[in-house]
Amino acid sequence: MVDVLAAPQQGKADSALRTLTGISIAHWVSHFHLLVLPMLFPFLKTQLGVGYVELGFALTVSAVVSGLTQAPTGYLVDHFGARRILLGGLTLGGLALIMLGLHLSYASLIACAVLLGLANSVYHPADYAILAEHMDDARMGRAFSVHTFAGYFGGAVAPAIVAALMTVSGGVGALLASGAIGVLVALLLVVMSIPDAGAHKAKPGTADAPKQAVITPALITLTALFMLLSLSVAGINNFGVVALMSGYGATYSIANVALTAFLGSSAVGVLAGGFLADHTERHGYVAAACFAANAAIVLLIALVTLPAWALTATMATAGFLSGVIAPSRDMLVRNAAPPGAAGRAFGIVSTGFNLGGIVSPLLFGWIMDQSAPHWVFGASVIFMVATVVLSPFTERKTQAKA
């Protein structure tokens, strides 16, 4: 009897593990693909005969397309199924890079950027819809943390992988191989039988149930929170090295070690945050507490020129705290999503990330052009304080909905 009762539980656990593994691999691909073009900028500049402004414009196009299509993609996830949308995104992103490799031109680069932006809009709505429906509630925070960690890891190893591909097969080969990864992972998910999710799976007889509005005050507030979270770390991620070199007298190697400590600790913090998210229901207050401490730490960096060892340790601490809140952030969205609308909910709030991604290069680039490198960290502190102020309101709105 014990074996009979235990078998379904074991089967359910195995299915959940397989689902988490597959979705995390897909998230790895999404962050890897985001960095393929930037890592190949020197090659593309030479081959296409364009400047960095034109190459940067391609990234802007990708970010704008992704931002405009996140919410509509969430609607498609909820109505047609997350699985097919996710497989389509992986394949589309892969084919976009393959297309550019087969036909190198600036027009192809822009077309590739458009397709990569469209493919990137798939991952958050589809991934989170599947995880929210198929993971055990008691381990949901840890599932979200593993998923987020996989994405961070994809971005961390992208430079090394693309550099290795460049060495072995050249720029065209790197584009073709990077694109093939997306297509192969899509086939892998088919073989792994990743489950579906979405409102189309509603049981018979529930069609007449009243539909709840998706664009709720809670989700609007969370979208603003996501934008502030993006702005809080974007300046450090993208301009931290040049700011430390020009304003603090750090060498190139010291500045890169400090940024690597920040990014690596963020990934570790994500995993730690998963355990924390599973043992609290006060996710908004967790985010507020972590970013309050983070604001104080980054303010120290903004005001004081620290020795190399202290700068690295301080950046690592700041990165860890910024990573800890990621699972709690995702739990807030899951709790605020109306039934059957997880895809749309995550699609809507993820637009905040895209808005931050569009604004931050302009803002922090302008700060550096004003020869004010300390304000890269100072502006980050301002956004962190704004996050601290807003986070408790997301907690209250989510509880009110519940």
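Residues numbered from 1 in each chain as written. Predicted model: local features only at pLDDT ≥ 70, side-chain atom pairs only at ≥ 80, totals over all residues. Heavy atoms only, no water.

So, about the overall build of the protein. The secondary structure content of the protein amounts to 12 helices and 0 strands. Computed over its C-alpha atoms, the radius of gyration of the protein comes to 21 Å, within 12% of the 21 Å expected for a compact globule of 402 residues. Looking at the 402 residues of the protein, the share that counts as buried comes to 52%. Contacts in the protein between residues at least 24 apart in sequence constitute 86% of all its contacts with a sequence separation of at least 6. Mean positive and mean negative side-chain charge positions of the protein (17 and 15 charges, respectively) differ by 3 Å. (Helix = DSSP H or I, 4+ residues; strand = E, 2+ residues; numbered from the N terminus. Rg over C-alpha atoms; globule rule 2.2 N^0.38 Å. Buried < 20%, exposed > 50% of the residue type's maximum accessible area, 1.4 Å probe, protein only. Contact = heavy atoms within 4.5 Å. Lys, Arg positive; Asp, Glu negative; His and termini not counted. Charge placed at Lys NZ, Arg CZ, Asp CG, Glu CD.)

Another aspect to go through is the pattern of salt bridges. Evaluation of the coordinates by the stated rule reveals 2 salt bridges. With a shortest N-O distance of 3.0 Å, R139 and D136 are connected by a salt bridge. Given the relative accessible area of 39%, D136 is considered partly exposed. The residue R329 makes a salt bridge to D330 at a minimum N-O spacing of 2.9 Å. What makes D330 buried here is its relative accessible area of 1%. (Salt bridge = Lys/Arg side-chain N within 4 Å of Asp/Glu carboxyl O.)

Turning next to the packing of aromatic side chains. For the coordinates displayed, the defined rule picks out 7 aromatic pairs. Arranged with centres 6.3 Å apart and planes meeting at 10°, the rings of F149 and F153 form a pair that is stacked. Of the two residues, F149 and F153 both sit in helix α6 (residues 140–191), 4 residues apart, roughly one turn of that helix. Among the residues examined, F149 registers a relative accessible area of 28% and is labelled partly exposed. Relative to F353, the ring of F226 has its centre 4.8 Å away and its plane inclined at 45°; by these criteria the two rings are tilted. With F226 in helix α7 (residues 217–248) and F353 in helix α11 (residues 342–369), this residue pair connects regions lying 127 residues apart in the sequence. By relative accessible area, F353 is classed as partly exposed at 22%. Among the aromatic residues, those joined into a cluster by ring pairs are Y128, F144 and F346. (Phe/Tyr/Trp six-rings, centres within 6.5 Å; stacked < 30°, edge-to-face > 60°.)

On to empty space enclosed by the protein. Under the defined criterion, the tally for this structure stands at 1 cavity of 30 Å³ or more. What the largest cavity holds in volume is close to 60 Å³. What lines the largest cavity is simply S30, H33, L34, G93, L116, A119, N120 and Y123. Counting only elements with at least two residues in the lining of the largest cavity, the list comes to α1 (2–39) and α5 (106–134). Looking at the lining of the largest cavity element by element, the count peaks at 4 residues for α5. (1 Å grid on protein atoms, 1.4 Å probe; cavity = no way out; pocket = protein on both sides within 12 Å on 5 of 7 lines; lining within 4 Å. Points joined across faces, edges and corners; volume = space filled by probe spheres on them.)

For the rest of this paragraph, the subject is a nonpolar patch on the surface. Together, L299, L300, L303 and V304 give the surface a local cluster of nonpolar side chains, amounting to about 350 Å² of exposed area. In this structure, L300 sits in helix α9 (residues 283–303). (Patch = residues over 30% accessible without salt bridge, like charges linked within 9 Å, V, L, I, M, F, W, Y side chains within 5 Å. Areas by Shrake-Rupley, 256 points an atom, 1.4 Å probe, with all protein chains shown as cover.)

This part takes up the nonpolar core. Residues L37, L44, L86, L90, L189 and F377 are the most contacted members of the largest nonpolar core, which totals 110 residues. The residues contacting L90, other than those within four sequence positions of it, are A26, V29, Y123, G182, V183, V185, A186 and L189. (Core = buried A, V, L, I, M, F, W, Y, C linked by side-chain atoms within 4.5 Å.)

Close contact between helix α3 (residues 52–80) and α11 brings their axes to 7 Å; oriented N to C, the two are set at 175°. One element, α3, and the other, α11, form an angle in the roughly antiparallel class. Mapping the contact onto sequence places A63, V64, S66, G67, Q70, A71, G74, Y75, V77, D78 and H79 in α3 and A342, G343, R344, G347, I348, S350, T351, N354 and I358 in α11. The residue inventory of the contact of α3 with α11, partitioned by class, reads 8 nonpolar, 10 polar and 2 charged. (Axes fitted to C-alpha atoms, helices over the stretch in contact; angles between N-to-C directions. Parallel < 35°, antiparallel > 145°, perpendicular 65-115°, else oblique. Nonpolar A, V, L, I, M, F, W, Y, C, P; charged D, E, K, R; others polar.)

Next up on the list: unusual backbone geometry. Of note, S193 is a non-glycine position whose phi angle comes to about 55°, a positive value. Here S193 lies in the loop between α6 and α7. Of the residues examined, S193 reaches a relative accessible area of 44% and is grouped as partly exposed. Even without a glycine there, the phi angle at S371 is positive, about 55°.

Once that is clear, we can look at the environment of T19. Relative to the elements of secondary structure, T19 occurs in helix α1. C-alpha separation for the pair T19 and D127, spaced 108 residues apart in sequence, amounts to 9.9 Å. Aside from chain neighbours lying at most four places away, what touches T19 is I130, M135, I194 and P195.

All right, on to helix α4 (residues 82–102) then. Counted at 1.5 Å a residue, the expected span for α4 with its 21 residues is 30 Å, and the 30 Å between its end C-alpha atoms agrees. For α4, every residue scored as buried is listed here: A82, I85, L86, L87, G89, L90, G93, G94, A96, L97, L100 and G101. (Expected span 1.5 Å × (residues − 1).)

Parts of the prediction with low pLDDT should not have their coordinates interpreted in detail. Per-residue confidence for the protein averages 84 on the pLDDT scale, and 91% of its residues sit at or above 70. Within the protein, α4 carries the highest mean pLDDT (95), whereas α1 carries the lowest (77). Predicted confidence is poor over residues 1–7, with pLDDT under 50, and the contacts of this stretch with residues over four places away or in other chains come to 0 contacts. Overall, residues 202–210 carries pLDDT values under 50, and its contacts beyond four positions in sequence, including any with other chains, amount to 0 contacts. (pLDDT = per-residue confidence, 0-100.)

This part covers the environment of G182. Note on placement: G182 falls in helix α6. For G182, a relative accessible area of 0% translates into the label buried. Along the primary structure G182 and G93 are separated by 89 residues, whereas in three dimensions their C-alpha atoms are 6.5 Å apart. The residues contacting G182, other than those within four sequence positions of it, are V29, H33 and L90.

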